[in-house]
Structure formats: C-alpha cells, structure tokens
Amino acid sequence: MARLPLKLEQISEKTIGQLIVRYPLALEAQADKAAEVMLALIPVVESYLAADLTGPIRLELLAEARASGANPVTGTVRHAITGFAERSPRSAGLLSYQLGRILWYRASAERDYLGEQPRYPDWLLEAALLPLLYIWFDREAWLDFLGAQITLFKFRSPLASDKLNDLSRLSAKERSLANAQCVLRGQSLARRQSEWWRGLCSLLAAAPQLDALVGLEQLSGASLKTWEDRFAQDLAAWVRSASSVDFEANSF
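The present account deals with the structure reproduced in this document.

Thresholds, definitions, all that
- Residues numbered from 1 in each chain as written.
- Predicted model: local features only at pLDDT ≥ 70, side-chain atom pairs only at ≥ 80, totals over all residues.
- Heavy atoms only, no water.
- Helix = DSSP H or I, 4+ residues; strand = E, 2+ residues; numbered from the N terminus.
- Buried < 20%, exposed > 50% of the residue type's maximum accessible area, 1.4 Å probe, protein only.
- Areas by Shrake-Rupley, 256 points an atom, 1.4 Å probe, with all protein chains shown as cover.
- Lys, Arg positive; Asp, Glu negative; His and termini not counted.
- Charge placed at Lys NZ, Arg CZ, Asp CG, Glu CD.
- Core = buried A, V, L, I, M, F, W, Y, C linked by side-chain atoms within 4.5 Å.
- Axes fitted to C-alpha atoms, helices over the stretch in contact; angles between N-to-C directions.
- Parallel < 35°, antiparallel > 145°, perpendicular 65-115°, else oblique.
- Left-handed = near helix turned anticlockwise from the far one by under 90°.
- Contact = heavy atoms within 4.5 Å.
- Nonpolar A, V, L, I, M, F, W, Y, C, P; charged D, E, K, R; others polar.
- Salt bridge = Lys/Arg side-chain N within 4 Å of Asp/Glu carboxyl O.
- Pairing = 2+ DSSP bridges.

## Considering the overall build of the protein chain
Okay, so step 1: Of regular secondary structure, the protein chain possesses eight helices and five strands.
Okay, so step 2: With respect to the principal axes defined by its C-alpha atoms, the protein chain has extents near 60 × 40 × 35 Å.
Okay, so step 3: Across the 252 residues in the protein chain, those meeting the buried criterion constitute 45%.
Okay, so step 4: With the model as given, the accessible surface of the protein chain reaches about 12400 Å², and the carbon-plus-sulfur share is 53%.
Okay, so step 5: Across the protein chain, the 28 positively charged side chains and the 29 negatively charged ones have centroids separated by 3 Å.

Right, here's the structure in full:
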C-alpha cells in the first residue's frame, strides 16, 4: 500500500547541514532546534572514534515520547522531539551513543563485510560505544557510574561470556548486568590498550573482510582468551577493593 504524501500525514521534511530532518508539520521551530543539537553532537562523536561521520543522517522526530533508537544501516536516529528540550548531559549522551552506532557502522566498513556473520559480538560494540552515554558528564559522574557497575558484581556472578554475544536474547534483569560487563570489559581493554576502540575501528576500515575479534587480537598482540582472563582478574580486583576504574586509562 502506497504511503500518503507527507503533508497529508501532517509530516514535513527538510535538509539542515548533513541532517535530513522529518518532523510533525506544526513543530518546525522545535525541529530546527533539535537539528542544532544534533549538529553540535556530531564533532564530539567523531572525535571519540577519530573518524568522520560522512554521508547524511536521517533524524526522525516523534511527536510522542517513545523509545529512542538508531538504525546504523539506514543512518537513522529516531527521538521524541520533546526530548531535545531537556538539554541535559544524559540526553546528549544518549543521542551521542546513537550517532556512535551509525559512525561505527560507516567508519568500520561494515557495509562491505562479506565474511561470517555477525562480524563482532554485541559485547565488543557496546564496550566501545557505551562510554558515549557519559561523554557529556564530568569526571566524577563517570567514575561514580563505573563504581556502580562494579558494585553489581559484589553479590552476583558475571554472565557467561557467550551470553554477551547476542544481548537481544537476554531478559531485562540480565541486560542490566550485561551492560555493566560490557562497560567494564572496555575499561579492562583500555588499561592495557589505550584508545583501543579507535584503533579497532580504523583497523576494520583498512581491512573490510576482517573479523572484529581477530582484529582485536591483531591490535593488542594478545589472544581473546588472554583478554577474557585479564578481564576476570580486573573485575575480581575491582570488586575486592570497591574502587572505580582508572579514569586516565580511558579518558575521552
């Protein structure tokens, strides 16, 4: 069934910079402000991954407050238009994370990958990108967040590593623990391989058929088993000392 013209759906569309903005017809002023916010976030996300977000981004602004999300394949971010009025580190971080998913897809040459699917387990991408949720907070808030993730493991065992490969299969309770593991895995990597997420993204772009886990081993000179053992050791030490991760090892 053919879609109605945009005006009959009470929807309009315009191009602002590299954004193609789709918004409720009566909310053009709010849409312009939302576009300003997004354009301000893009350079920060580019700096985090040390890559350029080339190509257009589709920004679909929803009249109702529904779940925000990104589709890296189509380059689309969907977000409630009212969410841009908040202007908080939390909302900026969420949008930065969504832009980060699109940038990673493009900068790592994911579209050109023809090897065994998926190219990387979910935990690896989340370990690389979840810090973007806190990139607009100050250092103390970031350290408090990391400390809270460590605390989750004081009375609970980590999920088996194979359960982190496909996070969509987890229950809501398991997902919170999985997110903590992903973040802390990233910090464990960063302690020994500075800015590993940038290096890995660049390596994958240079070798479009390279599996991401193989790329991580090449980048670090250590096997995946070694990284798993190191993470287990780090997590045990962090829980014992109830301290947060060294911020300098993963500064933004």
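## Observations concerning the environment of S194
Okay, so step 1: With respect to the element layout, S194 can be found in the loop between helix 5 (172-192) and helix 6 (196-206).
Okay, so step 2: A relative accessible area of 57% places S194 in the exposed class.
Okay, so step 3: Put simply, S194 and S220 are 26 residues apart on the chain and 9.8 Å apart in space, counted from C-alpha to C-alpha.

## Some words on the nonpolar core
Okay, so step 1: One finds M38, L61, L99, W104 and W196 to be the most contacted residues of the largest nonpolar core, which totals 70 residues.
Okay, so step 2: The biggest single contributor to this core is helix 1 (residues 28-49), with ten residues.

## Notes on the packing of helix 2 (residues 89-107) against helix 3 (residues 122-129)
Relative placement of two packed helices is described by the angle separating their axes and the distance separating the axes.
Okay, so step 1: Here helix 2 crosses helix 3 at 120°, and the two axes come no closer than 10 Å. Regarding the angle of helix 2 to helix 3, the classification is oblique. Pair helix 2 / helix 3 crosses with right-handed handedness. Of the residues in helix 3, those in contact with Y97, G100, R101 and W104 of helix 2 are L125, E126, A128 and L129.
Okay, so step 2: Its residues assigned to classes, the contact of helix 2 with helix 3 comprises five nonpolar, one polar and two charged.

## Let's talk about the environment of A35
Okay, so step 1: On the secondary structure map, A35 appears in helix 1.
Okay, so step 2: Residues A35 and F84, 49 residues apart in the sequence, show an inter-C-alpha distance of 9.2 Å.
Okay, so step 3: Each residue touching A35, except ones within four places of it in the same chain, is listed here: I16, L19, V21 and L59.

## Overview of the pattern of salt bridges
Okay, so step 1: In the structure shown here, the tally under the stated rule is 14 salt bridges.
Okay, so step 2: The partner of R58 in a salt bridge is E13, and the shortest N-O contact between them spans 2.9 Å. Of the two residues, R58 is situated in strand 3 (residues 57-62) and E13 in strand 1 (residues 11-16); the sequence distance between them amounts to 45 residues.
Okay, so step 3: Take R58: its relative accessible area is 24%, and that puts it in the partly exposed class.
Okay, so step 4: Overall, the relative accessible area of 36% leaves E13 in the partly exposed class.

## Quick look at the packing of helix 6 against helix 7 (residues 212-220)
Okay, so step 1: Contact geometry for helix 6 and helix 7: axes closest at 10 Å, N-to-C directions at 120°. Put simply, helix 6 runs oblique to helix 7. Crossing geometry of helix 6 relative to helix 7 is assigned as right-handed. In this structure, helix 6 contributes W196, G199, L200, L203 and L204 to the contact, and helix 7 contributes A212, G215, L216, Q218 and L219.
Okay, so step 2: When grouped by side-chain class, the residues that make up the contact of helix 6 with helix 7 number seven nonpolar, three polar and no charged.

## Points about the pairing of strand 1
The side chains of a regular strand alternate between both faces of the sheet.
Okay, so step 1: Here six bridges tie strand 1 to strand 2 (residues 19-24), and the two strands are oriented antiparallel to one another. In the sheet register, S12 faces strand 2, and the bridge partner there is Y23.

## Quick look at the sheet that holds strand 1
Okay, so step 1: The sheet built from five strands is open, its strands ordered 1-2-3-5-4 with mixed pairing. Of all the strands in the sheet, just strand 1 and strand 4 (69-71) have a single pairing partner and so form its edges. On average, adjacent strands in this sheet sit at an angle of 20° to one another, irrespective of strand direction.
Okay, so step 2: Its contacts with the sheet put helix 1 on strand 1, strand 2, strand 3 and strand 5 (76-80), and the angle it makes with strand 2 is roughly 150°.
Okay, so step 3: Across the sheet, helix 2 lies against strand 3, strand 4 and strand 5, angled at about 170° from strand 5, the strand it touches most.

Just distances and angles here, no functional claims.
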